[in-house]
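Now for the letters of each chain:
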Amino acid sequence: MKNILHFITWRRCMLLSIGVLLVLIVLNFYGLYSNKFYLLKPDNYIFPLLSIVHFVFLYVMWFKINEDELTDPKMRNLEYAMYALVLVYIFKIFDTAFILSTYNDFENHIMPGTFMPIGLLMILLQAALLFLTLITFIHRKEEIGAYNFDSINENIDSWY
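Residues numbered from 1 in each chain as written. Predicted model: local features only at pLDDT ≥ 70, side-chain atom pairs only at ≥ 80, totals over all residues. Heavy atoms only, no water.

Student: Explain helix α4 (residues 73–101) here, please?
Tutor: Working note: α-helix, 3.6 residues per turn, so residues spaced by three or four point in the same direction. Counted at 1.5 Å a residue, the expected span for α4 with its 29 residues is 42 Å, and the 42 Å between its end C-alpha atoms agrees. Residues Met 75, Leu 78, Glu 79, Met 82, Leu 85, Val 86, Tyr 89, Ile 93, Thr 96 and Leu 100 constitute the buried set of α4. Buried-residue contacts for α4 involve α2 (10–28), α3 (46–66) and α5 (115–143). (Helix = DSSP H or I, 4+ residues; strand = E, 2+ residues; numbered from the N terminus. Expected span 1.5 Å × (residues − 1). Buried < 20%, exposed > 50% of the residue type's maximum accessible area, 1.4 Å probe, protein only. Contact = heavy atoms within 4.5 Å.)

Rendered as structure tokens:
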């Protein structure tokens, strides 16, 4: 695990997470069966809205590391929301895998040539996002610290 954390530093992890999130947001509007982008379906806007929480968490983590700040209750609550997002990411992986598993069910229909390549790219990116999110949690604990609020009064700067 130390080798992975040494190779994927917190900066690389954030940049990779942002890149993967942006690509997945675009691919979220793509229909695998039809090879078209659907911008008017309300269901396609759920993932981009939920990914705002991920972007905010990455920003807060970047800010805390650069300013050498400690954790706070707002960051803890944001991380709890990220735990719920991990469940959404797992659901998206299973949903895409289910869609890819229906390839043989439609033998009499013409499937687009991009069905399997784009589907495999989507599932690979979704798994990478889940992995990067878990690595981000580990980096948060190592770089910023644990959520220890027993001694919160000692960490307050009274000059502000």
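Student: For this particular structure, what's the right way to read the packing of α3 against α5?
Tutor: Angle between the axes and distance between the axes are the two parameters that describe a pair of packed helices. Axis separation between α3 and α5 bottoms out at 11 Å; the angle between their running directions is 30 degrees. Taken together, the axis directions place α3 and α5 in an arrangement best described as roughly parallel. Considering only the axes of α3 and α5, their crossing is left-handed. Of the residues in α5, those in contact with Phe 47, His 54, Phe 57, Leu 58, Met 61 and Ile 65 of α3 are Leu 129, Thr 133, Thr 136, Phe 137, His 139, Arg 140 and Glu 143. Looking at the contact of α3 with α5 residue by residue, the class counts come to seven nonpolar, four polar and two charged. (Axes fitted to C-alpha atoms, helices over the stretch in contact; angles between N-to-C directions. Parallel < 35°, antiparallel > 145°, perpendicular 65-115°, else oblique. Left-handed = near helix turned anticlockwise from the far one by under 90°. Nonpolar A, V, L, I, M, F, W, Y, C, P; charged D, E, K, R; others polar.)

Student: Would you take a moment to explain the pattern of salt bridges for this structure?
Tutor: Side chains that carry opposite charge are capable of pairing whenever their charged atoms lie near each other. The tally for this structure, following the rule as stated, stands at three salt bridges. Glu 79 is paired through a salt bridge with Arg 140; the nearest N and O atoms lie 2.7 Å apart. One end of the pair, Glu 79, is in helix α4; the other, Arg 140, is in helix α5, and 61 residues separate them in sequence. Arg 140 shares its class with Glu 79; the two are buried. Salt bridges here are not isolated pairs; linked through shared partners, they connect Lys 64, Glu 69 and Asp 72. (Salt bridge = Lys/Arg side-chain N within 4 Å of Asp/Glu carboxyl O.)

Student: Help me out: how do you make sense of the confidence of the model for the protein chain in this one?
Tutor: Caution applies to low-pLDDT regions: their predicted coordinates should not be interpreted in detail. Looking at the protein chain, the pLDDT average stands at 89 and 92% of residues meet or exceed 70. For the protein chain, the element scoring lowest by mean pLDDT is helix α1 (residues 2–7), at 83; α2 scores highest, at 96. (pLDDT = per-residue confidence, 0-100.)

Student: Help me out: how do you make sense of the side chain of Lys 64 in this one?
Tutor: Along the polypeptide, Lys 64 turns up in helix α3. With residues near it in sequence (within four places) discarded, Lys 64 still touches Glu 69, Leu 70, Asp 72, Met 75 and Ile 144.

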